[in-house]
Amino acid sequence: MNEQLKTILSKATLNFVVLGVILIIAVLGKFTNPEFTNTVFVTADQLVSDLYLVFIAITLGAFIPNFKLVVIGAIAAFIGAVVLIQAGIFTYLTTDYVFAILMVTLGFASIANLYRHYREFRF
């Protein structure tokens, strides 16, 4: 049992890093820029009710074996969207909205990927 836990924790290190970074952003954001942080987390709370985003995030975390690709792809999509927002191409989006999408996507994908690692050791 102890060996299984060590294996799960070693395989899921990136998952814990992603979830930890979300927590750090929440704590540091409350001290450095509370208005932006509140806007992002209120938007993220509303996005969770949009089930299609949650289903996409869970599918990414559960069915793509290389979770690094999910994290890199989500961050690359975020950076690309922010560049297009700043360039004036995506006039209907805001940076805080796209950041909330990134947090919801990576959060649910991390949890789904953690569960996938856990299921590998269940009998």
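Just so it is clear, the structure is predicted and the values come from calculations on it, not from any experiment. (Residues numbered from 1 in each chain as written. Predicted model: local features only at pLDDT ≥ 70, side-chain atom pairs only at ≥ 80, totals over all residues. Heavy atoms only, no water.)

## Topic: the confidence of the model for the protein chain
Of the residues in the protein chain, 96% have a pLDDT of 70 or more, and the chain-wide mean is 90. Put simply, helix 1 (residues 2-11) is where the protein chain has its lowest mean pLDDT, 77, and helix 5 (residues 67-86) is where it has its highest, 96. (pLDDT = per-residue confidence, 0-100. Helix = DSSP H or I, 4+ residues; strand = E, 2+ residues; numbered from the N terminus.)

## Observations concerning the nonpolar core
Ranked by size, the top nonpolar core spans 23 residues in total, and within it Val18, Phe67, Phe78, Val98, Phe99, Leu102 and Leu106 carry the most contacts. Secondary structure elements with two or more residues in this core: helix 2 (13-32), helix 3 (34-48), helix 5 and helix 6 (95-119). Beyond its immediate chain neighbours, meaning those up to four positions away, Phe99 contacts Ile25, Phe36, Val40 and Phe78. (Core = buried A, V, L, I, M, F, W, Y, C linked by side-chain atoms within 4.5 Å. Buried < 20%, exposed > 50% of the residue type's maximum accessible area, 1.4 Å probe, protein only. Contact = heavy atoms within 4.5 Å.)

## Describing the environment of Gly107
In this structure, Gly107 sits in helix 6. Judged by relative accessible area, which is 10%, Gly107 ranks as buried. With 98 residues separating them in the primary sequence, Gly107 and Leu9 have C-alpha atoms 17 Å apart. Beyond its immediate stretch of four places on either side in the chain, Gly107 contacts Leu19 and Ile22.

## Quick word on a nonpolar patch on the surface
A contiguous nonpolar surface patch, about 270 Å² in accessible area, is contributed by Leu5, Leu9 and Phe16. By secondary structure assignment, the location of Leu9 is in helix 1. (Patch = residues over 30% accessible without salt bridge, like charges linked within 9 Å, V, L, I, M, F, W, Y side chains within 5 Å. Areas by Shrake-Rupley, 256 points an atom, 1.4 Å probe, with all protein chains shown as cover. Salt bridge = Lys/Arg side-chain N within 4 Å of Asp/Glu carboxyl O.)

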